Amino acid sequence: GYEKGAFTGATRTHRGKFEQAHGGTLFLDEIGDMPLMLQARLLRVLQERAVTRLGSEQTLPVQVRLIFATHKRLNDEVRAGRFREDLYYRINVVHLRVPPLRERPEDIPWLAQRFVEAWNAAHPATVRVLGSDAEQALMRRPWPGNVRELRNAIERACLLAESERIDAGLVCEDAAADERGA
């Protein structure tokens, strides 16, 4: 966060993410890609349980439950010197491994349906329905980009569908193009 006048263009006070999440939960994605300088700042916030807005001398206490995600093995990053060891031990309280989508194809129909529902909520004039052949085709894909890739495939199919029904050809159009060498 920052105070009004802290820098050119700071026309109002802005509460930062930790301050906004006070009393709740903050999700920090891809923590393994965080630069070392920012890791030091995060460690300070975790140790002091307080933040200071840019342009202020006042520290503000924050109580925040943190959830971190990364695609990297942080213990390997620590050994390579790319992740602070003290921060690693501070955040590694409960470790949950979420397997990649290719290891849990049974989740694909449920996820795909949620993405179609989200599309329908955002675009009520173009309601889409996922066909069973599309679900089967989705389950055969390896999804190297995981859930983000699946979401993008569903959004693309919703955009390109010429009727209400989304069929297998639409959800796996990019796979067919890859096979053709396009």
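Residues numbered from 1 in each chain as written. Predicted model: local features only at pLDDT ≥ 70, side-chain atom pairs only at ≥ 80, totals over all residues. Heavy atoms only, no water.

Asks: Tell me about the side chain of Glu19, residues and numbers included.
Replies: You can see Glu19 is positioned in helix 1 (residues 17-20). Not counting chain neighbours up to four residues away, the residues in contact with Glu19 comprise Arg53, Leu60 and Val62. (Helix = DSSP H or I, 4+ residues; strand = E, 2+ residues; numbered from the N terminus. Contact = heavy atoms within 4.5 Å.)

Asks: Outline the pattern of salt bridges, supporting the account with residue identities and numerical values.
Replies: What the rule picks out here adds up to 13 salt bridges. The salt bridge partner of Arg53 is Glu19, with a shortest N-O separation of 2.4 Å. Note that Arg53 is positioned in the loop between strand 2 (50-52) and strand 3 (59-61) and Glu19 in helix 1, a separation of 34 residues in sequence. Judged by its relative accessible area of 16%, Arg53 falls in the buried class. For Arg151, the salt bridge goes to Glu155, with nearest N and O atoms at 3.9 Å. (Salt bridge = Lys/Arg side-chain N within 4 Å of Asp/Glu carboxyl O. Buried < 20%, exposed > 50% of the residue type's maximum accessible area, 1.4 Å probe, protein only.)

Asks: With reference to specific residues and values, describe the packing of aromatic side chains.
Replies: Tallying each qualifying case throughout the model produces 2 aromatic pairs. An angle of 65 degrees between the planes, with centres 4.8 Å apart, marks the rings of Tyr2 and Phe7 as edge-to-face. The ring of Trp143 carries Arg141 above its face, with NZ or CZ at 4.4 Å from the centroid. (Phe/Tyr/Trp six-rings, centres within 6.5 Å; stacked < 30°, edge-to-face > 60°. Lys NZ or Arg CZ within 6 Å of the ring centre and 35° of its normal.)

Asks: Describe a nonpolar patch on the surface, and please don't skip the residues or the numbers.
Replies: Together, Val93, Val94 and Leu96 give the surface a local cluster of nonpolar side chains, amounting to about 370 Å² of exposed area. Take Val94: it is sitting in the loop between helix 4 (85-91) and helix 5 (108-122). (Patch = residues over 30% accessible without salt bridge, like charges linked within 9 Å, V, L, I, M, F, W, Y side chains within 5 Å. Areas by Shrake-Rupley, 256 points an atom, 1.4 Å probe, with all protein chains shown as cover.)

Asks: Got a sec to walk through unusual backbone geometry? Specific residues and values, please.
Replies: The backbone of Glu30 sits at a positive phi, close to 55 degrees, despite the residue not being glycine. Following the sequence through the fold, Glu30 ends up in the loop between strand 1 (25-28) and helix 2 (36-48). Taking the relative accessible area as the measure of exposure, Glu30 reaches 24% and is therefore partly exposed.

Asks: Explain the confidence of the model for the protein to me, and be specific about the residues and the numbers.
Replies: With 95% of its residues at a pLDDT of 70 or more, the protein shows a mean pLDDT of 92. A low-confidence stretch, residues 175-182 stays under pLDDT 50, and its non-local contacts, those more than four residues away or across chains, total 2 contacts. (pLDDT = per-residue confidence, 0-100.)

Asks: Give me the nonpolar core: which residues, what numbers.
Replies: In terms of nonpolar packing, the biggest core is built from 23 residues, with Leu130, Leu138, Trp143, Leu150, Ile154, Ile166 and Val171 touching the most fellow members. Listed by contribution, the elements that provide at least two residues to this core are helix 5, helix 6 (132-140), helix 7 (146-160) and helix 8 (168-171). At 6 residues, helix 5 tops the list of elements feeding residues into this core. Contacts of Leu150, omitting those with residues within four sequence positions, involve Leu101, Ile108, Leu111, Ala112, Phe115, Leu138 and Trp143. Ranked by size, the runner-up nonpolar core spans 18 residues in total, among them Leu46, Leu60, Leu87 and Ile91. (Core = buried A, V, L, I, M, F, W, Y, C linked by side-chain atoms within 4.5 Å.)

Asks: I'd love a proper account of the packing of helix 5 against helix 6, names of residues and values included.
Replies: At their nearest, the axes of helix 5 and helix 6 sit 9 Å apart, and the two run at 120 degrees to each other. Relative to helix 6, helix 5 is oriented oblique. Where helix 5 crosses over helix 6, the handedness of that crossing is right-handed. Side by side, helix 5 and helix 6 meet where Ile108, Pro109 and Ala112 of the first sit next to Glu135, Leu138 and Met139 of the second. Among the residues making up the contact of helix 5 with helix 6, the classes are represented as 5 nonpolar, no polar and 1 charged. (Axes fitted to C-alpha atoms, helices over the stretch in contact; angles between N-to-C directions. Parallel < 35°, antiparallel > 145°, perpendicular 65-115°, else oblique. Left-handed = near helix turned anticlockwise from the far one by under 90°. Nonpolar A, V, L, I, M, F, W, Y, C, P; charged D, E, K, R; others polar.)

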